[in-house]
Each structure stands twice: as C-alpha cells, then as structure tokens.
Amino acid sequence: MPGPLPPTEVYASERVVVLVSCVLSFLGSSLLVCTHALWPELRTRPRQLLLYLSLADLLSALSYFYGVLQDFDRTSWDCVLQGALSTFSNTSSFFWTMAIALYLYITIVRGSPTGTGLLCCFHVVSWGVPLGITVAAVALKKIGYDASNVSVGWCWVNLDAEDRVLWMLLTGKVWEILAYVTLPVLYVLIKKHINRAHAALSEYRPILSRAPAFQPRTSIADKKLILIPVIFIILRIWSTVRFILTLCNSPAVQNSVLVVLHGIGNTFQGGANCIMFVLCTRVVRTRLFSSICCCHYDELDWPLQRSNNHWQCPEPHKNKDVPGPERTKPLLSST
C-alpha cells in the first residue's frame, strides 16, 4: 500500500451534520426498542431480531457521536475505547442485518421451521465474532487514530499499523462488502418466491371477494422488502468508496461531499430502520400515534377528574351502538 495520505480536515459544518445524524439514529433506535418493550403483541421473531439490530445501532450512534464530537487528532485512551465500541457495534450491525435477511429466506422461501437453535446461532455469530475481532484488534494495538481518511473524526484502525489494510478488512470492510452481495441476493430470492406464490393464486382471485383489499398491503410489503437492501447499500457505499480511494492514495478521499455522505451513511442506520419499521409500518405507526394522542388527551383533561385523592382518566361516553374494548379485536398483526 502507498504511503498514507495527509489527515482529512473535518470542518465544523460537516461535524454538525454528522452529529445530527447520530442523534436521529439514536432516537430512531430508541423508539424501536421502546415499541418492542411496551407492546408484547409486536414481539414477533423478525421484530425480535430487529431489536438486537437496534441495540447494535444504538451503541454505534453513541460511539460515533463521541468520536465526531472529539474529532481526534492522535491516539489516546478514549480514542481506543471509542474505536473499539464503534468497531464492535458497527460489525455487529452488519451481522444482524444479514441475520434478518437469512431468517426471512429460511422461513419464507425454504419454509423450514425455526426455533431457539437458530436464534442462538445468530447471537453467537452476531455478537461473538465482532467481539472476538475487536478484542484482538485492541490487544494487538490496531485501534487508534486514522486521520479521518476512512472515518469522519472518529477512531478506527491505527494509521501507523503496517498491516492496517488487513485490519480495516477484518474490522468492518470485508463484512460490509459481503453484505452488499448477500442482502440483494437473499431479498431477490424472497421476492421471486412471493411473486410465484401470488401467480399461483391468481386464478382464485375472482372468487375471493376480499382479494382486492389485500393487494395494496401486499404491494407495500413488497416495496419495503426491496428497500431494505437498497437503503443499506445507499447508506454504506460511501464508506467503501472512501476506503478504496484511500487504498489508491487518491486525494479525492478528502472531498467534502464524500466526507458528509460517509458520516451520514455510517451513523444513520438506526434512523433508517425506524422510518421503515415504525413510521412506514401501518400497525406500529397506528399504535404509536394512538398512544401519543391518548397521552395528550389525558394531560388536557386530568385536572377535571379527581376522586378519593387519586387522579382518574375521564370515562368515555357510552353508546350501545359502539362496541366496548372487550368486543373489539386489536388492529395489530404479526408483521
């Protein structure tokens, strides 16, 4: 590899943009964790995997936030700590993203039963492999200041390490490139399987009176299925571009647009997942907005309702034509 490039200067405006991205990712990941904790009926196996991905993205957003805020200019103890945390969480995020795709492929395409054994394998690989790599990198003193040529102010692989390219691959890039290939292949196979299933049932649709009502919902699910690998690649590709430019010793690696795109792409994964699986998922979005509206309603009316020194929620107007809570089914599916 050619001699290292001079350090990339991260301007204040670029840091602000990346810090905002970190905050949004933190809030998005926190919202995903909260919805899983508050509503047991949403705890399906895919969303359980999404919970672990959100935890990894949460830790990643925190570590990147500290790194961008500090804008390290040398290797120090907090630089190593931040680099180790971001390396572990970022690599774990790759593994959990691929685990979700693999789980959907096994259950939808293969139709194979999945139990706790598969989940245990996901835990061992998605937490264990990143942890082992990170511990080895720290023990061998490979984590440190990287001059922001393959980062945006945070620490990663030490610029002075002779085998820095190998460790850049092991601590992130090889898994990132593997995800670029694996995710599109798995999701294309899943979508093709769903399309074949739809085609096989098409001859029965004329006699199914409710079939048209389900077509928009199916279309939305198919679009979301396509968006998962597309959004992942759009977010992550900029860090790969800067990595390749660094290997080529190209000064284009210091381009401000590339730096900002790299910073947003590495830090906004939690926010993107929140948009897709909370704000763009009707079941979760409806439940979330209903809870917010209910809380707002209670805050407006609580001073008017008091009995025996305890605050009570106002009792809704009773109407015999409107079914009570016990007569209605929750509008929540297992999606």
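Everything numeric in this text was worked out from a predicted model, so none of it was measured. (Residues numbered from 1 in each chain as written. Predicted model: local features only at pLDDT ≥ 70, side-chain atom pairs only at ≥ 80, totals over all residues. Heavy atoms only, no water.)

1. Looking at the environment of T107
No. 1: Secondary-structure assignment places T107 in helix 3 (residues 77–110).
No. 2: Judged by its relative accessible area of 27%, T107 falls in the partly exposed class.
No. 3: In sequence terms T107 and I190 are 83 residues apart; their C-alpha atoms lie 9.7 Å from each other. (Helix = DSSP H or I, 4+ residues; strand = E, 2+ residues; numbered from the N terminus. Buried < 20%, exposed > 50% of the residue type's maximum accessible area, 1.4 Å probe, protein only.)

2. What about helix 8 (residues 269–279)?
No. 1: Across the eleven residues that make up helix 8, a large majority, nine, are buried.
No. 2: Along helix 8, the positions that sit buried rather than exposed are Q269, G270, G271, A272, N273, C274, M276, F277 and V278.

3. Regarding the UniProt feature "transmembrane region" (unreviewed entry) in the protein
No. 1: Summarizing the sequence annotation, UniProt attributes the feature "transmembrane region" (unreviewed entry) to residues 16–37, 49–67, 87–106, 118–140, 166–190, 225–245 and 257–280 in the numbering used throughout.
No. 2: Taken end to end, residues 16–37 is 100% helix and 0% strand, and its two terminal C-alpha atoms sit 31 Å from one another.
No. 3: Within the segment residues 166–190, helix and strand shares are 100% and 0% respectively, and the terminal C-alpha atoms sit 34 Å apart. (UniProt positions renumbered as here; feature names shortened; annotations may be inferred.)

4. Let's talk about a nonpolar patch on the surface
No. 1: Where nonpolar side chains cluster on the molecular surface, the patch consists of V16, V20, V23, L24, F26, L27 and L62 and spans about 580 Å² of accessible area.
No. 2: At six residues, the largest contribution of residues to the nonpolar patch is made by helix 1 (residues 12–38).
No. 3: Inspection of the secondary structure assignment puts F26 in helix 1. (Patch = residues over 30% accessible without salt bridge, like charges linked within 9 Å, V, L, I, M, F, W, Y side chains within 5 Å. Areas by Shrake-Rupley, 256 points an atom, 1.4 Å probe, with all protein chains shown as cover. Salt bridge = Lys/Arg side-chain N within 4 Å of Asp/Glu carboxyl O.)

5. Regarding helix 3
No. 1: In a regular helix each residue adds 1.5 Å, so 34 residues correspond to 50 Å; helix 3 covers 48 Å between its end C-alpha atoms and thus fits that length.
No. 2: Along helix 3, 25 of the 34 residues are buried, which leaves the element largely enclosed by surrounding structure.
No. 3: Two residues or fewer past helix 3, G111 is found with a positive phi of approximately 65°. (Expected span 1.5 Å × (residues − 1).)

6. So, the packing of helix 2 (residues 45–70) against helix 4 (residues 116–139)
No. 1: Put simply, helix 2 and helix 4 touch, their axes get as near as 12 Å, and they point 15° apart. Classified by the interaxial angle, the pair formed by helix 2 and helix 4 is roughly parallel. You can see that helix 2 and helix 4 cross each other, and the crossing is right-handed. Contacts between helix 2 and helix 4 involve R45, Q48, L49, Y52 and A56 from the former and L119, F122, H123 and W127 from the latter.
No. 2: Within the contact of helix 2 with helix 4, the residues separate by chemical class into six nonpolar, two polar and one charged. (Axes fitted to C-alpha atoms, helices over the stretch in contact; angles between N-to-C directions. Parallel < 35°, antiparallel > 145°, perpendicular 65-115°, else oblique. Left-handed = near helix turned anticlockwise from the far one by under 90°. Contact = heavy atoms within 4.5 Å. Nonpolar A, V, L, I, M, F, W, Y, C, P; charged D, E, K, R; others polar.)

7. Re the nonpolar core
Inside soluble globular proteins, nonpolar side chains tend to come together where they are buried.
No. 1: Formed by 39 residues in total, the largest nonpolar core has its most connected members in L49, W96, I100, L183 and Y187.
No. 2: Mapped by element, the contributors of at least two residues to this core are helix 2, helix 3, helix 4, helix 5 (164–201), helix 6 (211–247), helix 8 and helix 9 (282–301).
No. 3: Of all the elements, helix 3 adds the most residues to this core, at eleven residues.
No. 4: Once residues lying within four places of it in the same chain are set aside, the contact partners of I100 are L49, L50, L53 and Y187.
No. 5: Grouped together as the second largest cluster of nonpolar side chains are nine residues, V10, Y64, V68 and V259 included. (Core = buried A, V, L, I, M, F, W, Y, C linked by side-chain atoms within 4.5 Å.)

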